[in-house]
Amino acid sequence: MKRPSDVISLADEDAVRDAVWDSVLGLWDVVNTLTRLRPSRRKRYRVSIFGSARVRPGSIGYEETKRAARILAAMGCDIVTGGGPGLMQAANEGAAASPKRSRSYGIRVQLPFEQDVNAFVSQAFEHRTFFTRLHQFVLVSDAFVVTPGGIGTVLEMLMIWQLLQVGHLSDTPLILVGKMWPGLVDWARASMLATEPPLASARDLAIPVCVNDADQAIARIRTHHARWQAARTRTPARGKRRTVVTTRRGS
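Just so it is clear, the model here is predicted, and its values are computed rather than measured. (Residues numbered from 1 in each chain as written. Predicted model: local features only at pLDDT ≥ 70, side-chain atom pairs only at ≥ 80, totals over all residues. Heavy atoms only, no water.)

Draft legend 1. Molecular detail of the packing of aromatic side chains. As enumerated under the stated definition, the model contains four aromatic pairs in all. Pairing Phe50 with Phe137 gives two aromatic rings, centres 5.0 Å apart and planes at 80°, and the pair type is edge-to-face. With a gap of 87 residues between them, Phe50 in strand β1 (residues 46-50) and Phe137 in helix α4 (residues 130-140) connect regions that are remote in the sequence. Considered together, Phe50 and Phe137 belong to a single accessibility category, that of buried residues. Ring centres 6.3 Å apart and planes at 35° place the aromatic pair Tyr105 and Phe125 in the tilted group. (Phe/Tyr/Trp six-rings, centres within 6.5 Å; stacked < 30°, edge-to-face > 60°. Helix = DSSP H or I, 4+ residues; strand = E, 2+ residues; numbered from the N terminus. Buried < 20%, exposed > 50% of the residue type's maximum accessible area, 1.4 Å probe, protein only.)

Draft legend 2. Broad picture of the pairing of strand β3 (residues 104-109). Of all six residues in β3, six are buried; the element is thus mostly enclosed. Burial along β3 is two-sided: Ser104, Gly106 and Arg108 facing one way and Tyr105, Ile107 and Val109 facing the other are all buried. Both strand β2 (residues 78-81) and β3 contribute to a ladder of three bridges, which runs parallel. Counted as the bridge partner of Ile79 is Ser104 from β3. Bridging between β3 and strand β4 (residues 123-127) involves five bridges; their strand directions are parallel. For Gly106, the partnering residue across the bridge sits in β4 and is Ala124. (Pairing = 2+ DSSP bridges.)

Draft legend 3. Here's a closer look at the packing of helix α2 (residues 60-74) against helix α8 (residues 214-234). Contact pair α2 / α8: the axes reach a minimum separation of 10 Å and the direction vectors enclose 20°. When the interaxial angle is binned, α2 and α8 end up roughly parallel. Crossing hand, α2 versus α8: right-handed. On α8, the residues touching Glu64, Arg67, Ala68, Ile71 and Leu72 of α2 are Ala214, Asp215, Ile218, Ile221 and Arg222. In the contact of α2 with α8, the residues fall into six nonpolar, no polar and four charged. (Axes fitted to C-alpha atoms, helices over the stretch in contact; angles between N-to-C directions. Parallel < 35°, antiparallel > 145°, perpendicular 65-115°, else oblique. Left-handed = near helix turned anticlockwise from the far one by under 90°. Contact = heavy atoms within 4.5 Å. Nonpolar A, V, L, I, M, F, W, Y, C, P; charged D, E, K, R; others polar.)

Draft legend 4. Here's a closer look at the sheet that holds strand β7 (residues 209-211). Read from one edge to the other, the open sheet built from seven strands follows the order β4-β3-β2-β1-β5-β6-β7, with strand pairing classed as parallel. Each edge of the sheet is formed by a strand with only one pairing partner; in this case those strands are β4 and β7. Ignoring strand direction, the axes of neighbouring strands in this sheet form an average angle of 20°. Pairing analysis gives three bridges linking strand β6 (residues 174-177) to β7, with the strands arranged parallel. When the sheet's bridge partners are listed, Ile175 is paired in β7 with Val209. On the sheet, helix α3 (residues 87-96) packs against β1, β2 and β3 and is oriented at approximately 160° with respect to β2.

Draft legend 5. Geometry of α4. Three or more residues of α4 are buried, namely Arg133, Leu134, Gln136, Phe137, Val138 and Val140. Buried residues belonging to α4 abut β1, β2, β3, β4, β5 (143-146) and α5 (151-165).

Draft legend 6. Here's a closer look at unusual backbone geometry. The linkage connecting Glu196 with the following residue, Pro197, adopts the cis geometry, with an omega of 0°. Turning to its location among the elements, Pro197 is positioned in the loop between α6 (180-192) and α7 (202-205). Not every positive phi belongs to a glycine, and Asp171 is a case in point at roughly 45°. For Asp171, the position within the fold is in the loop between α5 and β6.

And the structure:
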């Protein structure tokens, strides 16, 4: 019996490898197409808060992060974190203080050293890769607040910075809180603008806004949140027709 020409024998390792590779490329194409989708209007304003998993409850950093999230939650902002311990837990704990006003999300990634979802997350999402996890942060967030953290926090911050630089994100605040961040931004400015040609533009390096404390971060989010609310009020929801009633004189 003659075998169809498009059938690949499992004994043909090269052909099997090529078929798998073609399938992976096809899946990437599907994923890339889906990533172009964006909601026309968000129903809720969401703030993603990045920060260290190592900071302990009771420390100044933990309590200030919790306080900031509590104030943002009282404004009606949802809080999104990595769902783990430390400053992520602090932010989720702050959001949990206003369950009727705010939702508390955790977007996790599988790690060799398992971290349980902190007890203050109301809904958790699991990812196997940092790529898909960061992409979900991008899809769901209206603003980013970066508190002190290590390599993972820096990775998250730089990813958002680049997406804002190339225009994949727009009108999305990137707020860096604390003493560790101005030095990083100053290094980037001094190093990248010192060459000929420059390695970045001055506009690129002005994207992240460094603030000293939680109160300054809250003030900036409050301003952006108010503008977001005003835009929602001006823009009618798609799919809903507005009924206009007119009356004639004498009727």
